Amino acid sequence: MRVLRATSNPFAGLHHAGTPLLLPNAWDHATATAMARKGFRAIGTTSLAVAAAVGLPDGASATRDETLRLALSLGSQPFLLSVDAESGFSEDPDEVGEFARQLEAVGAVGINLEDSLGPVDRHAAKIAAVKAAAPGLFVNARTDTYWFGERGERGKRGERGERGERGERGERGERGGAETLSRLDAYQQAGADGVFVPGLTDAGEIAALVARLDVPLNILYSPTGPTVRQLGDLGVSRISLGSFLYRRAVGAALDALDEIREGHRPGGRTPTYEDIQGMGADAARHA
């Protein structure tokens, strides 16, 4: 039976609401505001988009400042903010804890930390350091056992998660199963409030994992995997969209460009100039 961890964080409550928390991931003020206007109470960030916007690689601990800057701009807004912090932007647990403290100070209520299949004890130490430095943050501990391929390489076709950004669904390879449980158990014991297994899409394996965990399970949405309703029926507590919306937005821009060049009127939804301008005004009122 799942043990509900006591916390005053309202974000944590959304993981125990009886229906899965569908978490969209934004990459700037406008996208976060647009998502909030659609009724989403909580919004995550996506490290792929943060990195791509400044021409830096995702997952290389290269966007610490940009991530903090985005959190500063979104943390005061009227939604709950969870930040994709890659692997914490450092291998030093104390430095990761300090970064988490800074995120909490600017208004974030959640942090996503991935293990990149590094040493389990090191990732557990990072989690413990975050809980010590910023006890109010909801720590979502990610393992990449289903995300990396057989040789520890990242998938090559699509969706990383709140981080979930590299690879469409990853390849299970020789990992998963027992290693996943071992890693997640260590992260639970270190104080993680939830755990995240991007790349896991098999319904039976998801249900089995839910039954073994004491904290909420987060799954990365995949267009080829279970639907939101099906994931909820399996016991999943949180469903992240990762970089999916960002990549769809880039795809929509390219489709529109092709249509215009070919002499067609572009289809799809296009917000007006005033719509986007108004999102900035909303942000200024809440700053």
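Before reading on, note that the structure itself is shown above.
Residues numbered from 1 in each chain as written. Predicted model: local features only at pLDDT ≥ 70, side-chain atom pairs only at ≥ 80, totals over all residues. Heavy atoms only, no water.

**Some thoughts on the environment of Phe196**
Positionally, Phe196 belongs in strand β9 (residues 194-196). Classification of Phe196 by relative accessible area gives buried; the value is 0%. (Helix = DSSP H or I, 4+ residues; strand = E, 2+ residues; numbered from the N terminus. Buried < 20%, exposed > 50% of the residue type's maximum accessible area, 1.4 Å probe, protein only.)

**Observations concerning the pairing of strand β6 (residues 138-142)**
The element β6 is largely enclosed, with a buried count of five among its five residues. Of the two faces of β6, the one lined by Phe138, Asn140 and Arg142 and the one lined by Val139 and Ala141 are each fully buried. Two elements, strand β5 (residues 110-114) and β6, share five bridges in a ladder whose sense is parallel. Bridging from a neighbouring strand, Ile111 pairs with Val139 of β6. Handedness of the crossover joining β5 and β6 through helix α6 (residues 120-133) is recorded here as right-handed. (Pairing = 2+ DSSP bridges. Right-handed = clockwise from strand over helix to strand, strands pointing away.)

**Quick notes on the packing of α6 against helix α7 (residues 178-190)**
Orientation of α6 relative to α7, taken along the N-to-C sense of each, is 25°, at an axis distance of 8 Å. In this view, α6 runs roughly parallel relative to α7, as classed from their interaxial angle. As for how α6 packs across α7, the hand of that crossing is right-handed. Here α6 contributes Val120, His123, Ala124, Ile127, Ala128 and Lys131 to the contact with α7, which in turn contributes Arg183, Ala186, Tyr187 and Ala190. (Axes fitted to C-alpha atoms, helices over the stretch in contact; angles between N-to-C directions. Parallel < 35°, antiparallel > 145°, perpendicular 65-115°, else oblique. Left-handed = near helix turned anticlockwise from the far one by under 90°. Contact = heavy atoms within 4.5 Å.)

**Points about helix α5 (residues 93-105)**
The first and last C-alpha atoms of α5 sit 18 Å apart over 13 residues, in line with the 18 Å expected at 1.5 Å per residue. Burial in α5 covers these residues: Val96, Gly97, Phe99, Ala100, Gln102 and Leu103. On the buried face of α5, the contacting elements are α4 (64-74), β4 (80-84), β5 and α6. Sitting at the head of α5, Asp92 places a side-chain oxygen 2.9 Å from the backbone nitrogen of Asp94. Gly107 occupies a position one or two residues after α5 and carries a positive phi of about 115°. (Expected span 1.5 Å × (residues − 1). Polar contact = N/O pair within 3.5 Å; in protein donor to acceptor, adjacent residues only side chain to side chain.)

**Quick word on unusual backbone geometry**
Within the chain, Glu86 stands out as a residue other than glycine whose phi angle is a positive 50°. Counting through the fold element by element, Glu86 comes out in the loop between β4 and α5. You can call Glu86 buried: its relative accessible area is 1%. Of note in this structure, Phe89 is not a glycine but carries a positive phi near 65°. For Phe89, the position within the fold is in the loop between β4 and α5.

**Here we look at a nonpolar patch on the surface**
Together, Val250, Leu254 and Leu257 make up a nonpolar patch on the protein surface, roughly 260 Å² of accessible area in all. Turning to its location among the elements, Leu254 is positioned in helix α10 (residues 244-261). (Patch = residues over 30% accessible without salt bridge, like charges linked within 9 Å, V, L, I, M, F, W, Y side chains within 5 Å. Areas by Shrake-Rupley, 256 points an atom, 1.4 Å probe, with all protein chains shown as cover. Salt bridge = Lys/Arg side-chain N within 4 Å of Asp/Glu carboxyl O.)

**A short note on the side chain of Asp115**
Structurally, Asp115 can be placed in the loop between β5 and α6. Judged by its relative accessible area of 5%, Asp115 is buried. Engagement of the side chain of Asp115 in a polar contact is seen with the side chain of Arg183, the distance being 3.1 Å. A distance of 2.8 Å separates the side chain of Asp115 from the side chain of Tyr187, its partner in a polar contact. With near-sequence residues (within four places) excluded, Asp115 lies in contact with His123, Arg142, Thr143, Asp144, Arg183 and Tyr187.

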